[in-house]
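Remarks on the overall topology
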Amino acid sequence: MSPVTMLRPQDGPLVVAVPSKGRLQENASAFFARAGLAFQQGRGARDYRGAIAGLSDVVVEFLSASEITRRLGSGEAHLGITGEDLVREEIADPDAAVALLAPLGFGHANVVVAAPQAWIDVRTMADLEEVAVDMRVRHGRKMRVATKYVQLTRRFFAERGLADYRIVESLGATEGAPASGAAEIVVDITTTGATLAANALKVIEDGVILRSEANLVASLRAPWGSRARTAVRAILGRIAAEEAARTTREVRARIAPGTESAFAALAERAGARAPYGASAPELVLHVPRASVFALVDGLAEAGASEIGVRALEYLFRAENPLLATLEERLAVR
């Protein structure tokens, strides 16, 4: 157990760390709100501690993305929303320290290797390796790589056998390093590539190090006492129920007695569930949203009538993949 974890009460409340400002904060708040988990800030937007309405054993901390990552890695927070790029860069041995429970569909950005557009013969990492070797042999120095992503760069370059380089840690605008003469290439994060292009840089074809987005992350080093476990079961239960409802539609149809087995087989082929069994006169199915109309057509062809489709607000199932992942990772710590 880490010294930081020892400082926290072993049966304290669940600590949830979320972004404190900007688009990430808005998206994180909306994500929790969709699951019926509304944030409350006691003294308004300037209060950096809050709660979740209806859950007494939860403390919400509003922090920068980098601080969220640090607290998850140290065990000072149980749950958090942060980018996978920060998790992979800033936490030592991230797979042992945290569990990535779910990608959230926002905060998309790629960590990439970019070289000057003027290097017309350099398109791949293999080409870049040739440049690095040539630079060492002909000029007696290593190729310089400007980046804030030191650990990600070292791992990626090592996997591709590229060793003739030197990292120049970037404290400002990384993409400007080649133009200023501080480095030959960069490893940077980008959403559209427009800023790199504006600085006369191009992304190496096989140089995407990580396709990152915001994730719901759980700390494996936090003190998971009974209060925290009870609270996380409630939170992950609501999140999973909202996701299941958003990706599922309920289909109801009238069927004739004696046709139950045929309709059950049709539903199975469509990937639908009959959560209450298949019995006449009403058949109730839960079907993946993308398969709704194919199922409806099949039901109609098989003789069903009065077919209705509706969206669900929440769908609580016995199985919860988010909670299962967390419990499995905690069990093998």
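To be clear, the structure that these remarks concern was listed above.
Residues numbered from 1 in each chain as written. Predicted model: local features only at pLDDT ≥ 70, side-chain atom pairs only at ≥ 80, totals over all residues. Heavy atoms only, no water.

Notes on helix 6 (residues 125-139)
For helix 6, built from 15 residues, the straight-helix expectation of 21 Å at 1.5 Å per residue is met to within 8% by its first-to-last C-alpha distance of 20 Å. Burial in helix 6 covers these residues: M125, D127, L128, A132 and M135. Around the axis of helix 6, the buried residues are gathered within 155 degrees of arc, so they sit on the same side. Exposed and facing more than 90 degrees away from the buried side of helix 6 are E130, V137 and R138. Packed against the buried residues of helix 6 are strand 7 (109-116), strand 8 (143-147), helix 7 (150-159), strand 10 (185-190) and strand 11 (201-212). Trailing helix 6 by a residue or two, G140 shows a phi angle of about 70 degrees, which is positive. (Helix = DSSP H or I, 4+ residues; strand = E, 2+ residues; numbered from the N terminus. Expected span 1.5 Å × (residues − 1). Buried < 20%, exposed > 50% of the residue type's maximum accessible area, 1.4 Å probe, protein only. Arc of directions from axis to C-beta. Contact = heavy atoms within 4.5 Å.)

As for empty space enclosed by the protein
Scanning the model with the defined rule gives one cavity of 30 Å³ or more in all. Estimates place the volume of the largest cavity at around 40 Å³. Lining of the largest cavity is provided by W224, R229, V232, R233, L323, L326, E327 and L330. The element contributing the most residues to the lining of the largest cavity is helix 13 (residues 321-331), with four residues. Here the residues of the lining of the largest cavity sort into five nonpolar, no polar and three charged. (1 Å grid on protein atoms, 1.4 Å probe; cavity = no way out; pocket = protein on both sides within 12 Å on 5 of 7 lines; lining within 4 Å. Points joined across faces, edges and corners; volume = space filled by probe spheres on them. Nonpolar A, V, L, I, M, F, W, Y, C, P; charged D, E, K, R; others polar.)

With respect to the packing of aromatic side chains
Per the stated rule, a full pass over the model turns up six aromatic pairs. When the centroid spacing of 5.8 Å and the interplanar angle of 85 degrees are considered together, the rings of F39 and F62 count as edge-to-face. Highlighted residues: F39 in strand 2 (residues 39-41) and F62 in strand 4 (residues 55-63), separated in sequence by 23 residues. Here F39 matches F62 in class, with each residue buried. With 6.2 Å between their ring centres and 35 degrees between their planes, Y314 and F316 make a pair best called tilted. Owing to a relative accessible area of 29%, Y314 belongs among the partly exposed residues under this scheme. Among the residues examined, F316 registers a relative accessible area of 56% and is labelled exposed. Taken together, the ring pairs in this structure connect F31, F32, F39 and F62 into an aromatic cluster. (Phe/Tyr/Trp six-rings, centres within 6.5 Å; stacked < 30°, edge-to-face > 60°.)

Remarks on the nonpolar core
Formed by 38 residues in total, the largest nonpolar core has its most connected members in L14, F32, I235 and I239. Elements represented by at least two residues in this core include exactly strand 1 (14-19), helix 2 (22-34), strand 4, strand 5 (79-83), strand 6 (98-103), strand 12 (214-219), helix 10 (226-246) and helix 13. Residue contributions to this core peak at seven residues, all from helix 10. Sequence-distant contacts of L14, defined by excluding residues within four places in its chain, comprise D57, V58, V59, H78, L79, W224, A228, A231, V232 and I235. (Core = buried A, V, L, I, M, F, W, Y, C linked by side-chain atoms within 4.5 Å.)

Thoughts on the sheet that holds strand 1
Taken in spatial order, the seven strands line up as 2-3-4-1-5-12-6 in an open sheet, and their pairing is mixed. On the outer flanks of this sheet lie strand 2 and strand 6, each paired with one strand and no other. Looking at each pair of strands side by side, their axes are set apart by 35 degrees on average, direction ignored. Where strand 1 and strand 4 come together, six bridges link them in parallel fashion. The residue bridging A17 from the neighbouring strand is E61, located in strand 4. Of the strands in this sheet, strand 1, strand 4, strand 5, strand 6 and strand 12 touch helix 3 (residues 65-74), which is tilted by about 130 degrees from strand 5. Seen against the sheet, helix 13 touches strand 6 and strand 12 and runs at an angle of roughly 170 degrees to strand 6. (Pairing = 2+ DSSP bridges. Axes fitted to C-alpha atoms, helices over the stretch in contact; angles between N-to-C directions.)

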